[in-house]
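Observations on the model geometry
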Amino acid sequence: MRVLVVDDQPGLADGLRIGLEAEGFAVDVASNGVDGLWMAQENPFDLIVLDVMLPGMSGYAVCRALRAEGNWVPIVMLTAKDGEWDQVEGLDTGADDYLTKPFSFAVLLAHIRALVRRGARERPTELTAGDLRLDPAARRLWRGETPIDLTAREFAVMEYLLRRPGDVVTKRSILGGVWNDDFDGDDNIVEVYVRHLRNKVDRPFDRDAIQTVRGAGYRLAADGG
């Protein structure tokens, strides 16, 4: 099994290389994001251990670039940041797992073994409803041939709706699917993002795809409105 470690801390990178090689992995190391991306593009790795804070190109950017190319090699992101939104950004860019420094090598190894057993994900297919088209891998949305720019959270809500065209979905189900089941904030946050989406996806095109179902929730018209 071949692993790529991308980390700009020589001591950590070397320690991971030695530890993983002792466990039977073949290990390559890159010390910056640009080299890491190039190596991942040119070689068939079974898994990438990817630091977030890298010179040249961040781990987020490396991960996003690989996913946009349809490269779904399993990725474990490493970071000194432990904020909730840092984890959200890492996973939203396409990472499969996330560990905060400092971490136990034994725990990292367990995560690596689990991801290797699972194997690389297939590139998600495009989601469509009428002339609405969403590419989960490239994280892009179009109305006809017109690209629509969305924030990460707007994109997640739109993807949730496009996976259920014609179905009524509740605010709570959207919160659970886009945020998480433990979200304890005001569920009116869903209304805010639905309004943002209508202003970008419907109104500029004189459409009404994202519909409110009074007392129940929301529905994306199966024909795209």
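Being a predicted model, the structure only gives us computed values, none of them experimental. (Residues numbered from 1 in each chain as written. Predicted model: local features only at pLDDT ≥ 70, side-chain atom pairs only at ≥ 80, totals over all residues. Heavy atoms only, no water.)

To continue, consider the overall build of the protein. A count of helices and strands for the protein gives eight helices and twelve strands. For the protein, the proportion of its 225 residues judged to be buried stands at 42%. In the protein, 56% of the contacts between residues at least 6 apart in sequence involve partners at least 24 apart. Entry remark: accessible area of the protein is about 11100 Å², with carbon and sulfur atoms responsible for 48%. (Helix = DSSP H or I, 4+ residues; strand = E, 2+ residues; numbered from the N terminus. Buried < 20%, exposed > 50% of the residue type's maximum accessible area, 1.4 Å probe, protein only. Contact = heavy atoms within 4.5 Å. Areas by Shrake-Rupley, 256 points an atom, 1.4 Å probe, with all protein chains shown as cover.)

Attention now moves to the nonpolar core. Soluble, globular proteins show a tendency: their nonpolar side chains are buried together. Membership of the largest hydrophobic core comes to 26 residues, with the highest contact counts inside it found for L141, M158, L162, I174 and L220. Listed by contribution, the elements that provide at least two residues to this core are β6 (127–129), β7 (132–135), α6 (152–162), α7 (171–179), α8 (189–202) and β12 (217–220). Top element by residues in this core is α6. It accounts for six residues. Sequence-distant contacts of M158, defined by excluding residues within four places in its chain, comprise L132, L134, L141, L150, L197, V201, I210 and L220. Formed by 20 residues, the second largest nonpolar core is a distinct cluster that contains L50, C63, L66 and I75. (Core = buried A, V, L, I, M, F, W, Y, C linked by side-chain atoms within 4.5 Å.)

Right, let's talk about the packing of aromatic side chains for a bit. By the definition in use, this model includes zero aromatic pairs. R133 extends its terminal NZ or CZ atom over the ring of W142, reaching a point 4.1 Å from the ring centre. Across from the ring centre of Y160, 3.6 Å away, lies the NZ or CZ of R164, which sits over that ring. (Phe/Tyr/Trp six-rings, centres within 6.5 Å; stacked < 30°, edge-to-face > 60°. Lys NZ or Arg CZ within 6 Å of the ring centre and 35° of its normal.)

The four strands lie next to each other as β6-β7-β8-β9, forming an open sheet whose pairing is antiparallel. Each of the sheet's edge strands pairs with one partner strand only, and the pair in question is β6 and β9 (146–148). Pairs of neighbouring strands in the sheet enclose a mean axial angle of 20°, with direction left out of account. In terms of strand pairing, strand β8 (residues 140–143) meets β9 through three bridges, oriented antiparallel. Across the sheet, residue W142 finds its bridge partner in β9, namely P147. Running at roughly 55° to β8, α8 makes contact with β7, β8 and β9 of the sheet. (Pairing = 2+ DSSP bridges. Axes fitted to C-alpha atoms, helices over the stretch in contact; angles between N-to-C directions.)

On to the UniProt feature "modified residue: 4-aspartylphosphate" (unreviewed entry) in the protein. Following the UniProt record, the feature "modified residue: 4-aspartylphosphate" (unreviewed entry) maps to D51 here. Within the fold, D51 resides in strand β3 (residues 47–51). A residue is classified by how much of its surface remains accessible, and D51, at 3% relative accessible area, is buried. Ignoring any residue separated from it by four or fewer positions in sequence, one finds D51 in contact with V6, D7, D8, G59, L78, T79 and K101. (UniProt positions renumbered as here; feature names shortened; annotations may be inferred.)

Our next topic: the pairing of strand β2 (residues 26–30). Note that strand β1 (residues 2–6) and β2 share five bridges and pair parallel. If you follow R2 over to β2, its bridge partner there is A26. Viewed along the sheet, the connection from β1 through helix α1 (residues 10–22) into β2 turns out right-handed. (Right-handed = clockwise from strand over helix to strand, strands pointing away.)

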